[in-house]
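The chain contents come next:
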Amino acid sequence: MQDRTTKTATLRRLGACLAACLAFGGAGAAQAQSAADMDTRLDTLFGEHTSYRGFFDHLKQAVAAADKPAVAAMVNYPFRTRIDGKAVTIRDAGHFIADYDQLITPKVRAAVSRQAYPELFANWQGISIGSGEIWFGGVGKRNDVKITAINH
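Read on for a plain summary of the structure. (Residues numbered from 1 in each chain as written. Predicted model: local features only at pLDDT ≥ 70, side-chain atom pairs only at ≥ 80, totals over all residues. Heavy atoms only, no water.)

Let us now look at helix α2 (residues 35–46). Here α2 contains twelve residues, and its C-alpha end-to-end distance of 16 Å stays within 8% of the 16 Å for a straight helix at 1.5 Å per residue. Along α2, the residues classified as buried are M38, D39 and L42. Within α2, the buried residues cover an arc of 105° as seen down the axis, which keeps them to one side. Next to the buried residues of α2 lie α3 (50–64), β3 (121–123) and β4 (126–129). In the stretch just after α2, G47 is the one whose phi turns positive, near 90°. (Helix = DSSP H or I, 4+ residues; strand = E, 2+ residues; numbered from the N terminus. Expected span 1.5 Å × (residues − 1). Buried < 20%, exposed > 50% of the residue type's maximum accessible area, 1.4 Å probe, protein only. Arc of directions from axis to C-beta. Contact = heavy atoms within 4.5 Å.)

In structure tokens:
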């Protein structure tokens, strides 16, 4: 059994270690990633970043302009989603355009407009905008970059 002095010293050391871990972890999390860092991350994950960066820039412009045909052309079809609580399969660009306002909701538009390229989330499944409002990635044999999910 440890005496009181030993316990106090052990708790102080643990507290100091915890504080150091939080300080180092917090500093890393607070630092913004640069566009070059995101380029490197996408290069590592997908073998290149240029098509993903261009897609992101084009998507931001198209959503900001409410260019329904441009956004619809960026989707991987058929596209499964929910509209009014019902599972729906969006089969083509025409169907997407008809339901555009139910798919690209104010929440989705806000997420796209706030998203900065260096702060995208990317993993082996693709790239996420906002809190997962839009996912995009390479699809098909040609690895064309397309929207793969919209969570409105």
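Here we come to the sheet that holds strand β6 (residues 144–150). Ordered by their spatial adjacency, four strands build an open sheet running β3-β4-β5-β6, and the pairing between neighbours is antiparallel. Each edge of the open sheet carries a strand with a single partner, namely β3 and β6. On average, each strand axis in the sheet is tilted by 25° relative to the strand beside it, whichever way the strands run. Both strand β5 (residues 134–139) and β6 contribute to a ladder of six bridges, which runs antiparallel. The residue bridging W135 from the neighbouring strand is A149, located in β6. Against the sheet, α2 makes contact with β3 and β4, and its axis sits at roughly 25° relative to β3, the strand it touches most. (Pairing = 2+ DSSP bridges. Axes fitted to C-alpha atoms, helices over the stretch in contact; angles between N-to-C directions.)

Turning next to the environment of A66. Relative to the elements of secondary structure, A66 occurs in the loop between α3 and α4 (68–72). The class for A66 is partly exposed, based on a relative accessible area of 44%. Each C-alpha atom of the pair A66 and Y100 lies 9.3 Å from the other, and the pair is 34 residues apart in sequence.

Under the criterion given, the structure shown has three salt bridges. Of the charged contacts in the structure, one is a salt bridge between D144 and R142, with a shortest N-O distance of 3.3 Å. Of the residues examined, D144 reaches a relative accessible area of 30% and is grouped as partly exposed. By relative accessible area, R142 is classed as exposed at 68%. (Salt bridge = Lys/Arg side-chain N within 4 Å of Asp/Glu carboxyl O.)

Purely geometric stuff here, so don't read any function into it on its own.
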